[in-house]
Amino acid sequence: MTDWSCREQELFERLHSSAQGLSEIDAREIRKRSPKPVGVHHTSMARLALRQFSNPIIIILIGVAAVSAFLGEQSQAVIVLAIVGMSSVLGFAQERGAVRAVQALLGTVSVHADVIRDGREREVALGDVVPGDVVVLRAGDVVPGDCRLLSANHLRLDESSLTGEAFPRHKTPGIVNDDAPLAERTNMAHLGTYVSSGEGRAIVTCTGVETEFGKISGVVARQHLPTSFERGITAFGFMLMRATAVLVTLIFVVNVVIRRPVIDSVLFSLALAVGLTPQMLPAIVTFSLSRGAVAMAKSKVIVKRLDAIEDVGGLDILCTDKTGTITTGSVTVQESLSVDGRSDPRVTRWAWLTARHQKGFPNPLDDAILADRSASDDDWSYEGEVPFDFTRKRMTVLVRSKRGRYMAAKGAFEPLLACCTHFDRDGAISPIGDDRSVIMQTFERLSEGGIRVLGVAYRECANEHDVAGAGEHVVRNAYEHSITSADERDLVFVGFLTFADPPKPGASHAISVLADMGVGVRIITGDNRLAAAHVASLVGLDATTCVTGSRVAALSDPELAAFVDDVHVFAEVDPIQKERIVRAYSRAGHTVGFLGDGINDSPALHAADVGISVESAVDVAKQTADLVLLTKDLGALAEGIRQGRRIFVNTLKYVHVTTSANFGNMVSLAAATIFLPFLPMLPLQVLLLNFLSDIPGLTIATDDVDEELMRKPRKWNTRHVRQFMIVFGLTSTVFDLLTFGVLRLGFGAGAELVRSGWFVESTLTELAALIILRTSRRVWASRPGPGLLVTSTMVAVITVALPYSWLARDLGLVALPATVAMTLAVVTAGYVVVSEAFKVRFAATFGG
């Protein structure tokens, strides 16, 4: 028997549980043998260390060391292995810090579940839920495992992650056929889904990889859509592969043709392959991202997905809800008004009944209503409800007192008015008829002032037949009677409840700051169009075109993508329309962020390039988001965007400079190989040069970034990298060949002196390139970070000292005569001057 087709008692016996759940001791024992939660990957230090040796570059280096040892070059093998060891230690240190930092940050925004343990409801981490736990499900909760429902009250689950169904599905306890497909298991709640409305209790039948979601998680992982940064890295990698293949093959063929030893030619070609590759890029990217995540946390922005940081830097459209982001979010009841706009306290009393007795999810509007103690009335008892959902945009409770039995309803004005046939003015009930226009005018007048407006209605239920579900008990529930949305008819409209939620004092400034950074803010809200447009205009957004959900629904996806660029405010939209709007901006060529904290924001958070939520959000929003703000403030997000751009720019500095320098070195070696009667540089020297020049790159994440680079979104541009590599790589080649010529023709240098001179000159020019080419400004107008300056100076000193050190012989180096050293200094200075001049011209031609 399956979990959905067996009797509940059989399920309790198999799971050694009951309707009262597990004890804490039993749960702890079960957890020890339960599968790991889906998506949780704890990286051990041992695995992290081994991962350093899975890098193809490291494998090539180990191969070079093995061949050297086999040929009797023991000292060369030891030095190559030392390079391997130092590279691996540096990479391990960087990644270990990154892993620890990110795990600590993620712990601050973890998602929890409510379970029954030892007979009491308590909150536990999502990963601590085990089979046999009885969980309490409420609106906004993430389902922590595959579960069989024990009770439900108007429970609806969003199962789009499993079934692709866009609309929430109604769930009830009971038994379902054994062969029922996933979408028809109405008594099951599955991992990967969330509660969109209502509540219930369920027993967890399985967790982790044993769940339906766990079974497909591998497929989902394989279908991961790469971010723009990942696509850029991939394109860059293919470009390097092509360049490496051409150069290495050419050099190997030339060496064989001119009858150099095959083994030496192979080692030299392998060394060149390594030399062209920015081998520290993975460690540098990881360190940059983790350091950025820590820096963003100081700005109250928690990063859940590291590679989202670069996408944050590329944002040019930010879609956000109005409440709490643009406005203060501190909602207070302002007025209780009759149908014609006069003060009427009866409206608050009916609204208080809905807020007091609803059992769905808590919300600021109900909190504001309940704060008004003058409207409280505890003589009423709860009999049932139709919880709020984002399709009906209203909620209704069924209550009873000695005054009778009534339904009380509140919600968005127009959907609620559509359910009303009468209105109540000062206790006199009349058909709406021609007075509908008067009610509409009152609503429009209130909304145009930017006030949030709810409609309130009621209906007396004189006998059991006045509600479709009267007398029906919800199976094994604490709820007494059930009503349905079909009962929301023939209501009496009693008036309006208005709420004050003014714009945040700093909202206008934050939007202006984002605009200066090239990020356009768009409001997407479920509130009415008049109030949304008013608030948008107060914070400096263009509200002349305010598009409603009905207009969005009438447009096809291509039409919407062509339409959205000129729209700053969308109002009266449902969750699916929010998602469509976000996707439309993406189709229009934008990198889109979406900031949301509610149940209805989950689809749009999924659709955005960067999903952003807040620490106080419902669980499903926090779980879906890539970033979580510890404070719902656009100013904090603006600082997060700056950090994303800083990281992106610094990563590209390393890629641009290192790739161009390595390319220039390889072209120089290829050309010199043809004309010199000996290898222009030994394989070991190529590897050492590459290692030394990469050390300053490890500090690039701490480098300062020119302010002009922070003013617009940054995106990966492989074409620009290629242009930069060719221009400045060939510039480097010219000076390398000049060095060869001076040493060979001017000083009559032999193999060892040529190699030593070129080793020193090439390393120094590469260090100079990192300082000069890290900025599009004049080099004296952009100061490098202290870390970059110190490590570059340190490597320069080591490079100059090596030919005179005790390691020189093993490295194949010889001391440089003073005249040679002075000449190399002049060549290096010439390279600095020419590179500085070319940099300005390149920026004017191709962009900085």
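It should be noted that the structure appears before, not after, this text.
Every chain is numbered on its own, with residues counted from 1 as its sequence reads. Where local features are concerned, this predicted model is filtered to residues with pLDDT of at least 70; where side-chain atom pairs are given and counted, the filter is 80 or more; whole-chain, interface and lining totals use all residues. Computation of side-chain values: all heavy atoms of the structure, hydrogens and water removed.

Student: Could you clarify how one ought to interpret the overall build of the chain in this entry?
Tutor: Secondary structure assignment for the chain yields 29 helices and 23 strands. Relative accessibility thresholds used throughout: buried, under 20% of the residue-type maximum; exposed, over 50%; partly exposed, between the two (1.4 Å probe, protein chains only). Every one of the 848 residues in the chain was classed for burial, and the buried ones make up 56%. Only the protein chains shown count as cover for residues, with accessible areas throughout obtained via the Shrake-Rupley method and a probe of 1.4 Å. Carbon and sulfur atoms make up 58% of the accessible area of the chain, which amounts to about 34,500 Å² in all. Counting from the N terminus, the helices are DSSP H or I runs at least four residues long and the strands are E runs at least two residues long.

Student: Looking at this model, I keep getting lost on the state of the cysteines. Mind explaining?
Tutor: Disulfide: a covalent bond connecting the sulfur atoms of a pair of cysteines. Here, a disulfide means two cysteine sulfur atoms that sit within 2.5 Å of each other. Scanning the entire structure with this criterion turns up zero disulfides. Left without a disulfide partner, cysteine 147 is nearest to the cysteine sulfur of cysteine 206, which lies 8.3 Å away. You can call cysteine 147 buried: its relative accessible area is 0%. With no disulfide of its own, cysteine 419 has cysteine 420 as its nearest cysteine by sulfur position, at a separation of 6.5 Å.

Student: What should I look at first to understand the pattern of salt bridges in this one?
Tutor: In a structure, side chains of opposite charge can pair up when their charged atoms sit close to one another. Every case where a carboxyl oxygen of Asp or Glu lies within 4 Å of a side-chain nitrogen of Lys or Arg is listed as a salt bridge. In total, this model carries 37 salt bridges according to the counting rule given. Among the ionic pairs, glutamate 383 bridges to arginine 400, the shortest N-O distance being 2.5 Å. Linking glutamate 383 in strand S11 (residues 381–386) with arginine 400 in strand S12 (residues 394–401), this pair joins segments that are 17 residues apart in sequence. With relative accessibility at 34%, the residue arginine 400 sits in the partly exposed group. Among the ionic pairs, aspartate 527 bridges to arginine 452, the shortest N-O distance being 3.1 Å. One end of the pair, aspartate 527, is in the loop between strand S18 (520–524) and helix H17 (529–538); the other, arginine 452, is in strand S16 (residues 452–460), and 75 residues separate them in sequence.

Student: Even after reading the chapter, I still don't get a nonpolar patch on the surface, so can you show me in this structure?
Tutor: Patch building starts from residues that exceed 30% relative accessible area and form no salt bridge, then joins like charges within 9 Å and nonpolar side chains (Val, Leu, Ile, Met, Phe, Trp, Tyr) within 5 Å. Among the surface-exposed residues, Val253, Val257 and Ile258 lie close enough to one another that they form a single nonpolar patch of about 250 Å² accessible area. With a relative accessible area of 36%, isoleucine 258 lands in the partly exposed category.

Student: Which parts of the structure should I look at to understand the side chain of serine 762?
Tutor: Looking at where serine 762 falls in the secondary structure, it is placed in helix H26 (residues 751–773). For serine 762, a relative accessible area of 1% corresponds to the buried category. Whether two residues are in contact is decided by their heavy atoms, any of which lying within 4.5 Å being enough. In contact with serine 762, not counting residues within four places along its chain, are Asn665, Leu689 and Asp736.

Student: Looking at this structure, I do not really get the side chain of aspartate 601. What am I missing?
Tutor: Structurally, aspartate 601 is set in the loop between strand S21 (592–595) and helix H21 (602–607). Relative accessible area serves as the criterion here: at 1%, aspartate 601 is assigned to the buried category. Polar side-chain contacts of aspartate 601 include one of 2.8 Å to the side chain of lysine 578. Residues adjacent in sequence count toward polar contacts only when both atoms are side-chain atoms; beyond that, a polar contact is any pair of N or O atoms within 3.5 Å, and within protein one must be able to donate a hydrogen and the other to accept it.

Student: Please clarify how helix H24 (residues 683–694) should be interpreted in this entry.
Tutor: Note: α-helices contain 3.6 residues per turn, so residues at a spacing of three or four share the same orientation. Multiplying one less than the number of residues by 1.5 Å gives the expected span of a helix. Here H24 spans 17 Å end to end across twelve residues, near enough to the 16 Å set by a 1.5 Å rise per residue. Counting buried residues in H24 gives twelve out of twelve residues, a clear majority hidden from the surface. Pro683, Leu684, Gln685, Val686, Leu687, Leu688, Leu689, Asn690, Phe691, Leu692, Ser693 and Asp694 are the residues of H24 that are buried.

Student: I keep staring at the packing of H24 against H26 and nothing clicks. Help me out?
Tutor: Describing two packed helices takes the angle between their axes plus the distance from one axis to the other. For the pair H24 and H26, the least separation of the axes is 10 Å and the interaxial angle reads 20°. By the angle class used here, H24 and H26 are roughly parallel. The handedness of the crossing between H24 and H26 comes out as right-handed. Only Arg755, Trp758, Phe759, Ser762, Thr763 and Glu766 of H26 make contact with H24, whose side of the interface consists of Gln685, Leu688, Leu689, Leu692 and Ser693. Broken down by class, the residue content of the contact of H24 with H26 amounts to five nonpolar, four polar and two charged. To obtain an axis, a line is fitted to C-alpha atoms, over the contacting stretch when the element is a helix, and the angle between two such axes runs from 0 to 180 degrees between their N-to-C directions. We call two directions roughly parallel when the angle between them is under 35 degrees, roughly antiparallel when it is over 145, roughly perpendicular when it lies between 65 and 115, and oblique otherwise. Here a crossing is taken to be left-handed if its near helix is turned anticlockwise relative to the far helix by less than a right angle, and right-handed if that turn runs clockwise. Charged residues are taken to be Asp, Glu, Lys and Arg, nonpolar residues to be Ala, Val, Leu, Ile, Met, Phe, Trp, Tyr, Cys and Pro, and polar residues to be all remaining types, Gly included.

Student: Is there a simple way to explain the sheet that holds strand S19 (residues 546–548) in this structure?
Tutor: Adjacent strands of a sheet form backbone hydrogen bonds with each other and so pair up, either parallel or antiparallel. Taken together, eight strands build an open sheet; the order of strands is S8-S23-S22-S21-S9-S18-S20-S19 and the sheet is mixed. Each end of this open sheet is capped by a strand with a single partner; those strands are strand S8 (301–303) and S19. Adjacent strand axes in the sheet meet at a mean angle of 20° when their direction is disregarded. In the sheet, strand S9 (residues 317–320) pairs with S18 via four bridges, with the strands oriented parallel. By the bridge assignment, isoleucine 317 is partnered in S18 with glycine 520. Seen against the sheet, H17 touches S18, S19 and strand S20 (569–571) and runs at an angle of roughly 155° to S20. Being paired, for any two strands, means DSSP has found at least two bridges between them.

Student: Explanation requested: the pairing of S18 in the structure shown.
Tutor: The side chains of a regular strand alternate between the sheet's two faces. With four of five residues buried, S18 is to be regarded as a mostly interior element. Here S18 runs beside S20; their pairing, made up of two bridges, is parallel. Within S20, the position partnered with isoleucine 523 by the bridge is valine 569.

Student: Looking at this structure, I do not really get unusual backbone geometry. What am I missing?
Tutor: Note on backbone geometry: most residues besides glycine have negative phi, and most peptide bonds are trans. Residue aspartate 118 is not a glycine yet carries a positive backbone phi of 55°. Assessed through its relative accessible area of 44%, aspartate 118 is described here as partly exposed. With a phi close to 60°, glutamate 572 is a non-glycine residue in the positive phi region. The residue glutamate 572 is located in the loop between S20 and helix H20 (575–587) in this model.

Student: Where do I start with the packing of helix H25 (residues 718–746) against helix H29 (residues 818–846) in this structure?
Tutor: The N-to-C vectors of H25 and H29 enclose an angle of 160°; their axes lie 10 Å apart at closest approach. Compared by their axis directions, H25 and H29 come out roughly antiparallel. As for the relative orientation of H25 and H29, their crossing is right-handed in sense. Along the contact surface, H25 presents His720, Gln723, Phe724, Val727, Phe728, Thr731, Ser732, Phe735, Leu738, Thr739, Val742 and Leu743, while H29 presents Val820, Thr823, Leu824, Val827, Gly830, Tyr831, Val834, Ser835, Phe838, Lys839, Phe842 and Phe846.

Student: What am I meant to see in the packing of aromatic side chains here?
Tutor: How two aromatic rings sit relative to each other is given by the distance of their centres and the angle of their planes. Pairing of aromatic rings covers Phe, Tyr and Trp, the last counted by its six-membered ring, and requires centre-to-centre distances within 6.5 Å; plane angles under 30 degrees mean stacked, over 60 mean edge-to-face, and any other angle means tilted. Counting across every chain of the model gives 15 aromatic pairs. Considering the side-chain rings of phenylalanine 740 and tryptophan 758, the 5.5 Å spacing of their centres and the 20° angle between planes classify their relative orientation as stacked. Note that phenylalanine 740 is positioned in helix H25 and tryptophan 758 in helix H26, a separation of 18 residues in sequence. On the basis of relative accessibility, which here comes to 6%, the residue phenylalanine 740 falls in the buried class. A relative accessible area of 0% places tryptophan 758 in the buried class. Taken together, Trp350, Trp380, Tyr406 and Tyr458 form an aromatic cluster joined through their ring pairs. A ring is considered to have a charge above it if a Lys NZ or an Arg CZ atom is located within 6 Å of its centre and within 35 degrees of its normal. If you follow arginine 185 out to its NZ or CZ, it ends over the ring of tryptophan 4, 3.7 Å from the centre.

Student: Looking at this structure, I do not really get the pairing of strand S22 (residues 610–614). What am I missing?
Tutor: Across the five residues that make up S22, a large majority, five, are buried. Both faces of S22 are covered, namely the face carrying Val610, Ile612 and Val614 and the face carrying Gly611 and Ser613. In terms of strand pairing, S21 meets S22 through three bridges, oriented parallel. Bridge assignment links glycine 593 to a residue of S22, and that residue is valine 610. Where S22 meets strand S23 (residues 627–629), three bridges bridge the pair, whose relative direction is parallel. Of the residues in S23, the one forming a bridge with serine 613 is valine 628. On the question of chirality, the crossover connecting S22 to the parallel S23 by way of helix H22 (residues 619–624) is right-handed. A crossover counts as right-handed when, viewed with the strands pointing away from the observer, the path leading from the first strand over the helix to the second turns clockwise.

Student: In this structure, what is going on with the environment of aspartate 542? I would like to understand it.
Tutor: The residue aspartate 542 is located in the loop between H17 and S19 in this model. Between the C-alpha atoms of aspartate 542 and aspartate 566, which are 24 residues apart in sequence, the distance is 9.2 Å. Setting aside anything within four residues of it in sequence, one finds aspartate 542 in contact with His568 and Val569. Side chain to side chain, aspartate 542 and threonine 544 meet in a polar contact 2.6 Å long.

Student: What is the right way to look at the environment of arginine 459 in this model?
Tutor: In this fold, arginine 459 is placed in strand S16. A relative accessible area of 8% means that arginine 459 is categorised as buried. Looking at arginine 459, its side chain comes within polar contact range of the main-chain oxygen of arginine 489, at 2.9 Å.

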